[in-house]
Structures are given as structure tokens and as C-alpha cells.
Amino acid sequence: MTLSNYVYFLLRPRGPHFYTMNTTAHIPVLLNEVIANLNLKSGDNAIDATLGGGGHAEAILEATKPAGKLLGIDWDNQAVSGAAKRLAKHTNRIILKVGTYTDIKQIAYESGINPIHAILLDLGLSTDQLHDSVRGFSFSSEGGLDMRFSGQGRLTAGAIVNTWPENELAHIFRVYGEERHATRIARHIVATRQLAPISSVPELVALVMRGAGKRGGRIHPATRVFQALRIATNFELDNIAKVLPEALSLLAPGGRLAVISFHSLEDRIVKHWFRDKAIECVCPPLLPLCRCGHKAEVKLITKKAITPGAAEVKVNPASRSAKLRVIEKI
């Protein structure tokens, strides 16, 4: 299935109020592995394009002191404000911007930080986002159906649930969430919203469970549907495809790009794009000599994805699905 089949560009009117940030502690995923594989040195400049709680950024600044600079980007202005407090002792070496990582090139040029030796993309939710009940990312919350990474976003999960056709709902549940009961869940949602709008997380969870039926396993029936709604709300897969070439173009030769993904669709996009950029020759296999003149643009630093060890998963269960891949620009 092509990337275009994954991505929806249907924009709906802006939803109601946005949210407030909770003060839970965010634990950066695969922190030691990220720092080691970015190969950071004193004086290196870096971009953390998904700033979040600032944990990775803090470690990057420590690894590049005393002169290395960091550009931190996050779509969530409250995340940027929180990270600014955490990174206050490095004020003279940081530039923090509110924005989407798909604008990484423009934001980097405006910041004036050059050359760029390392870029990090952590595609997961921060603990602060997950535990914000108003935001509605977690199926255990009591909040509304927002799920936007930023209040600037025009599409909400509530708009999707209450306005998208049944076949489109089933499609995103099946493709984005890999939910086998997608059609039945979508049918329950559409039948219910004809009586009254579905406005809260508990309402949606009840509908999902009714559509999915009773089933065992460690994964809650709503997990896949909420994942699908979050991906669709924030255009996540399309944004990943956009940012990868932009990030690579910003790197100095020898610079490294690290991406942490949290589900198979994200990881598949990253893995295939990394592999394509690392291919030296694209001639048909039967040709005895290379005639294409194609040159690899990157070197694969991680042949296979790096995943958290048992010790990290025990401390931070949310890390269990994380996969880290790293390339180096030639």
C-alpha cells in the first residue's frame, strides 16, 4: 500500500477550547542510545524537532557543551514553555520555537544555527500530553475528543468521529489502527451520532468496546482506534514523509538523523526511506554493470532498529514499542 493510501487531507472546522498542560514528569525514551548514535561532540549544533518535555534536548546540550547550540521545535506552545524552564541554565545556547517539524527547514534558516550536525525526531506522545485529560489522547481519560498536538490544528478527533462517513472511519481504523473490527466499530459510531453527537472519551470507548466485542489480550480494545484517530487528526504519516527529506537537506556531511517511532506504520515509512537513501545503485539486478550513476546519500548507522531493554521498559512501560533508527549523511 502506498503512502498516499495512508494519508487523509480532509480538514474540518476548528473544534472547541484547547487544553491545559499537566505537570507530570516526562521520561525521554532510549536516551542513552540516542546520544551515543548521534555521535555528538563538543561544539556540535543540533535540532530537536520534537522538543516535548526537553529530556533529549537536555542530554544533547550536555554532550555538546560548552559551545554547541540547540534549536528546539514543538507544535505545542505549552511544551516549549515547559522545556524553556528545564533548559534555563543553557539559555545562551538554545533557540526554542513553536512550530511543526514539517517546517524544520524554514525554522532552522530563521534561527541562524549553522552547520547542523545532528537532528532528532521523537514521534511519540510526551507523558504530559498523554496524561492531559482535556486533550483526550488516552482512552482512560474523562475528557473531550480533541487529540490535537497543537491548538493551531484545525481538525479534531471529535470532528472525525462525528462528521466523517462510515467507510472513511472504517478505513482509518483498519489502516492506521490495524483494527480487525473496524467496520463494525464505525457502524456503531455512525448509528449513535445520528441520535446525538459523541463528545467525550468515555462515550467513544463504550462504542468501541461494543463494536469490538469481548476479547482477551493485553491490549485494550480502544487502543487501536485511539491511535488511528490521533494519526488522522494530526496528519502524522504524511508529516513524517515530508520532514525526512527536509531534515536530511539541513545536515552537514557527516551529520546524523535519528528517528524514534512508536508504531509499525511510522517505522515502515522511516525504514524504507532510510534504505532507499542508502542504496548505491538502482539498476535492474540483471545488468552486469551499473549504468544509473546513482549514489547513496546516507549511511545506515543502525542496520536494525534499536529497541528499549527490559530495564527501561520496567521503569517506563510506555517505551516498549519504541524503535530508533539512525542514518549519517554522506
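The structure contained in this document is the topic of the report that follows. None of these values were measured; they are calculated from a predicted model. (Residues numbered from 1 in each chain as written. Predicted model: local features only at pLDDT ≥ 70, side-chain atom pairs only at ≥ 80, totals over all residues. Heavy atoms only, no water.)

1. What about the pairing of strand E7 (residues 323-329)?
Let me state the cut-off plainly: Here the term buried applies to any residue with accessible area under 20% of the maximum for its type, exposed to any over 50%, and partly exposed to those in between, with areas from a 1.4 Å probe on protein chains only. Working definition: helices are DSSP H or I runs of at least four residues, strands are E runs of at least two. Numbering for both runs from the N terminus. Strand pairing is defined by DSSP finding a minimum of two bridges between the two strands.
Burial within E7 is extensive, with six of its seven residues counted as buried. Sheet analysis places strand E5 (residues 251-261) next to E7, joined by six bridges and oriented antiparallel. Following the sheet pairing, alanine 258 is matched in E7 by valine 326. As judged from the three bridges shared by strand E6 (residues 298-300) and E7, these two strands associate in the antiparallel manner. Across the sheet, leucine 300 pairs through a bridge with isoleucine 327, a residue of E7.

2. Regarding helix H9 (residues 182-193)
Keep this limit in mind: An expected span of 1.5 Å times one less than the residue number is assigned to each helix. Two residues form a contact once any of their heavy atoms are found within 4.5 Å.
Relative to the 16 Å expected for 12 residues at 1.5 Å per residue, H9 spans 17 Å between its end C-alpha atoms, a close match to the ideal helical length. On its buried side, H9 packs onto helix H7 (157-163), helix H8 (166-175), helix H10 (201-212) and helix H11 (223-234).

3. Comments concerning the sheet that holds E5
What counts here: An axis is simply a line fitted to the C-alpha atoms; with a helix, the fit covers only the stretch in contact. Between two such axes, the angle follows the N-to-C directions and lies from 0 to 180 degrees.
Taken in spatial order, the seven strands make up an open sheet running E3-E2-E1-E4-E5-E7-E6, and their pairing is mixed. Among the strands making up the open sheet, the edge pair consists of strand E3 (94-98) and E6. The average angle at which neighbouring strand axes cross in this sheet is 20°, direction not considered. Running at roughly 25° to E7, helix H13 (residues 264-278) makes contact with E5, E6 and E7 of the sheet.

4. A closer look at helix H2 (residues 31-38)
Helical periodicity: at 3.6 residues per turn, an α-helix aligns residues three or four positions apart in one direction. Going by this rule: Throughout, the arc means the angular range of directions from the helix axis out to the C-beta atoms.
Within H2, burial applies to Val34, Asn37 and Leu38. Burial along H2 is one-sided: seen end-on, the buried residues are contained in an arc of 100°. Turned more than 90 degrees from where H2 packs its buried face, Asn32 and Ala36 sit exposed. Those residues of H2 hidden inside the fold are in contact with helix H3 (55-64), strand E4 (116-122), E5 and E7. One or two steps after H2, the chain reaches asparagine 39, where phi turns positive at roughly 55°.

5. Re the side chain of aspartate 74
What counts is decided by this rule: Counted as a polar contact is a pair of N or O atoms within 3.5 Å, where, for protein atoms, one must be capable of donating a hydrogen and the other of accepting one, and residues adjacent in sequence contribute only when both atoms are in side chains.
Mapped onto the secondary structure, aspartate 74 falls in strand E2 (residues 70-74). Among the residues examined, aspartate 74 registers a relative accessible area of 10% and is labelled buried. A distance of 3.4 Å separates the side chain of aspartate 74 from the backbone nitrogen of leucine 51, its partner in a polar contact. For aspartate 74, the residues in contact, after removing those within four places along its chain, are Thr50, Leu51, Gly52, Ala79, Val80, Lys97, Val98 and Gly99.

6. Points about the side chain of serine 319
Tracing the sequence through the fold places serine 319 in the loop between helix H14 (310-315) and E7. In terms of polar contacts, serine 319 uses its side chain to reach the backbone carbonyl oxygen of asparagine 316, at 2.7 Å.

7. Considering unusual backbone geometry
Cis peptide bonds are those with omega within 30 degrees of zero, and the linkage from lysine 65 to proline 66 qualifies with 10°. Here the bond from asparagine 114 into proline 115 is cis, since omega is -5°, no more than 30 degrees from zero. Locating proline 115 in the fold gives a position in the loop between helix H5 (104-111) and E4. Within the chain, leucine 30 stands out as a residue other than glycine whose phi angle is a positive 50°. Tracing the backbone through its elements, the reader meets leucine 30 in the loop between helix H1 (3-6) and H2.

Read these as geometric descriptors, not functional statements.
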